[in-house]
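Observations on the model geometry
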Amino acid sequence: MSGTSTRPAEKSGTFKLGGDLPVHRLGYGAMQLTGPGIWGPPKDRAEAVRVLRRALELGVDFIDTADSYGPFVSEEIIAEALHPYAKGVVVATKAGLVRTGPNEWHPVGAPKYLRQELELSLRRLKLERIDLYQLHRIDPKVPVEESLGELKALQKEGKIRHIGLSEVSVEEIQRARKVVDIVSVQNRYNLTDRVHEKVLDYCEKENLGFIPWFPLATGGLAKPGSTLDSVAKKHDATPAQIALSWLLARSPVMLPIPGTSSVKHLEENLAGAEVKLTKDELAAVDAQAAGR
């Protein structure tokens with residue numbers, strides 16, 4: 001579909017992280033601003049810069065990244081493209097995964113390591129404080145109380161505003177909240193992968209932001225003649241736009257962050273915020289995804 005608004009991301013509504021940090025619910029995930037395997041620089045750095053600047057023009061004010069994307073590359077490009085940051089722009093980043101090569105990720109939650117990475121992210125992003133700092137993974141070799149205790153100390157020092165988690169269970173969130181206030185959870189979630197349905201329900205009950213990564217996967221749902229295909233055609237939309245609309249309708253705490261390294265694809269994704277599905281359409285797409 002061709003967007004009808006010059007700032008479509010604003011059509012996604014607003015959510016307040018931690019009750020005091022408002023962002024438009026449709027954000028941008030900056031993982032793909034890197035090379036193959038989320039490793040090294042992108043093929044077209046100038047296009048990566050254009051993507052970020054265009055995202056803000058289209059109403060995005062929530063950008064999610066991590067020190068491990070590149071590593072470091074994504075954060076560096078964000079600063080290159082957007083610093084000094086416009087008022088209201090929230091850049092969230094993460095630490096807790098070490099990279100040893102393309103598509104290789106190893107959890108490290110040692111307090112000294114997390115402090116080091118926070119300081120380096122501040123430097124790369126040219127910020128004095130990270131608005132949302134997320135523990136990228138819980139390290140099975142380090143008690144989560146130690147990892148989060150260090151983030152809490154950094155928060156008290158004024159270097160972190162809010163703290164979030166990634167790839168966690170309800171039980172892990174509850175354990176973490178005994179150590180520090182948690183405002184968001186970033187787990188894999190999309191139409192065809194809803195393993196974390198209970199986590200989403202918990203986040204909605206507790207008013208924690210739920211940031212689904214890999215949000216636009218549709219698998220084989222979009223084959224010609226399918227429910228998803230027919231709903232997309234009815235709205236003159238792509239299957240990915242329907243998937244995005246479904247996510248936004250699924251829960252008021254849902255904060256999708258579709259990523260891309262292409263301005264054209266970015267514009268297409270964000271136009272999905274303007275697709276409003278009826279209750280019957282939402283139910284039909286949901287039923288197809290659930291195999292009912």
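Quantities reported herein were computed from a predicted structural model and do not represent experimental measurements.

Examining the overall build of the chain
When helices and strands are tallied, the chain shows 10 helices and 11 strands. Against the globule reference of 19 Å for 292 residues, the chain gives a C-alpha radius of gyration of 18 Å, in line with a compact fold. Referenced to the eigenvectors of the C-alpha coordinate spread, the extents of the chain come out at roughly 55 × 40 × 35 Å. Relative to its 292 residues, the chain shows a buried fraction of 56%. Here the analysis covers contacts within the chain between residues at least 6 apart in sequence; of these, 74% occur between residues at least 24 apart. For the chain, the separation between the mean place of its 39 positive charges and that of its 38 negative charges on side chains is 1 Å.

Considerations on the pairing of strand E2 (residues 21-24)
Where strand E1 (residues 14-17) lies against E2, 4 bridges are found, and the strand directions are antiparallel. The residue bridging Lys16 from the neighbouring strand is Pro22, located in E2. Counting the residues that bridge the hairpin from E1 to E2 gives 3 residues, and of these Gly18 lies at a positive phi of roughly 65 degrees.

Remarks on unusual backbone geometry
Between Gly70 and Pro71 the backbone carries a cis peptide bond, its omega angle lying at -10 degrees. Along the chain, Pro71 turns up in the loop between strand E4 (62-64) and helix H2 (73-82). Put simply, His83 and Pro84 share a cis peptide bond, and its omega is 0 degrees. Residue placement: Pro84 occurs in the loop between H2 and strand E5 (90-95). Positive phi, close to 55 degrees, is recorded for Ile38, a residue that is not glycine.

Focus: the UniProt feature "domain: NADP-dependent oxidoreductase" (unreviewed entry) in the chain
UniProt annotation of "domain: NADP-dependent oxidoreductase" (unreviewed entry) refers to residues 25-287 when read in the numbering used here. Helix and strand shares over residues 25-287 are 41% and 13% respectively, and the end C-alpha atoms of the span are 24 Å apart.

Thoughts on the packing of aromatic side chains
Aromatic ring pairs are defined here through the distance separating the ring centres and the angle between the ring planes. Taken as a whole and judged by the stated rule, the model has 3 aromatic pairs. Relative to Trp246, the ring of Tyr189 has its centre 6.3 Å away and its plane inclined at 10 degrees; by these criteria the two rings are stacked. Of this pair, Tyr189 sits in the loop between strand E10 (184-186) and helix H6 (197-206) while Trp246 sits in helix H8 (residues 239-250); the two residues are 57 residues apart in sequence, bridging distant segments of the chain. Between the NZ or CZ atom of Arg99 and the centre of the ring of Trp105, over which it lies, the distance is 3.7 Å.

Quick word on the sheet that holds strand E11 (residues 209-210)
Reading across the sheet, the 7 strands line up as E3-E4-E5-E8-E9-E10-E11 and stay open at both edges, with parallel pairing between neighbours. Two strands in the sheet have a free side with no partner beyond their single neighbour: strand E3 (28-29) and E11. As paired elements, E5 and strand E8 (residues 130-135) share 4 bridges and run parallel to each other. Bridging across to E8, Lys94 finds its partner in Gln134.

So, the packing of helix H3 (residues 111-125) against helix H4 (residues 144-156)
Across the interface, H3 lies against H4 with an axial gap of 8 Å and an inter-helix angle of 40 degrees. Overall, the two elements H3 and H4 adopt an arrangement that is oblique. Read as a crossing pair, H3 and H4 show a hand that is right-handed. The segment H3 lies against H4, with Pro111, Leu114, Arg115 and Leu118 engaging Glu146, Ser147, Glu150, Leu151, Ala153 and Leu154. Of the residues contributing to the contact of H3 with H4, the split by class is 6 nonpolar, 1 polar and 3 charged.

What to know about the side chain of His24
With respect to the element layout, His24 can be found in strand E2. Using a relative accessible area of 14% as the deciding quantity, one classes His24 as buried. Within the structure, His24 has its side chain in polar contact with the backbone oxygen of Gly59 (distance 2.8 Å). Those residues in contact with His24 that lie beyond four places of it in its chain are Ala9, Glu10, Ser12, Gly13, Thr14, Gly59, Asp61 and Phe62.

Points about helix H5 (residues 170-177)
Looking at H5, one finds that the buried residues are Val170, Ile173 and Ala176. The buried residues of H5 occupy one face: seen down the axis, they fall within an arc of 125 degrees. Its buried side turned inward, H5 meets H4, strand E9 (160-166), E10 and H6.

Overview of the pairing of E9
Within E9, 6 of the 7 residues are buried, which leaves the element mostly enclosed by the surrounding structure. Inspection of the sheet shows E8 paired to E9 by 5 bridges, in the parallel sense. Paired with Gln134 across the bridge in E9 is Gly164. Between the parallel elements E8 and E9, the chain passes through H4 in a crossover that is right-handed. In this sheet, E10 lies alongside E9 in parallel orientation, the contact comprising 3 bridges. Within E10, the position partnered with Ser166 by the bridge is Gln186. The parallel pair E9 and E10, bridged by H5, forms a crossover whose chirality is right-handed.

Analysis parameters
Residues numbered from 1 in each chain as written. Predicted model: local features only at pLDDT ≥ 70, side-chain atom pairs only at ≥ 80, totals over all residues. Heavy atoms only, no water. Helix = DSSP H or I, 4+ residues; strand = E, 2+ residues; numbered from the N terminus. Rg over C-alpha atoms; globule rule 2.2 N^0.38 Å. Buried < 20%, exposed > 50% of the residue type's maximum accessible area, 1.4 Å probe, protein only. Contact = heavy atoms within 4.5 Å. Lys, Arg positive; Asp, Glu negative; His and termini not counted. Charge placed at Lys NZ, Arg CZ, Asp CG, Glu CD. Pairing = 2+ DSSP bridges. UniProt positions renumbered as here; feature names shortened; annotations may be inferred. Phe/Tyr/Trp six-rings, centres within 6.5 Å; stacked < 30°, edge-to-face > 60°. Lys NZ or Arg CZ within 6 Å of the ring centre and 35° of its normal. Axes fitted to C-alpha atoms, helices over the stretch in contact; angles between N-to-C directions. Parallel < 35°, antiparallel > 145°, perpendicular 65-115°, else oblique. Left-handed = near helix turned anticlockwise from the far one by under 90°. Nonpolar A, V, L, I, M, F, W, Y, C, P; charged D, E, K, R; others polar. Polar contact = N/O pair within 3.5 Å; in protein donor to acceptor, adjacent residues only side chain to side chain. Arc of directions from axis to C-beta. Right-handed = clockwise from strand over helix to strand, strands pointing away.

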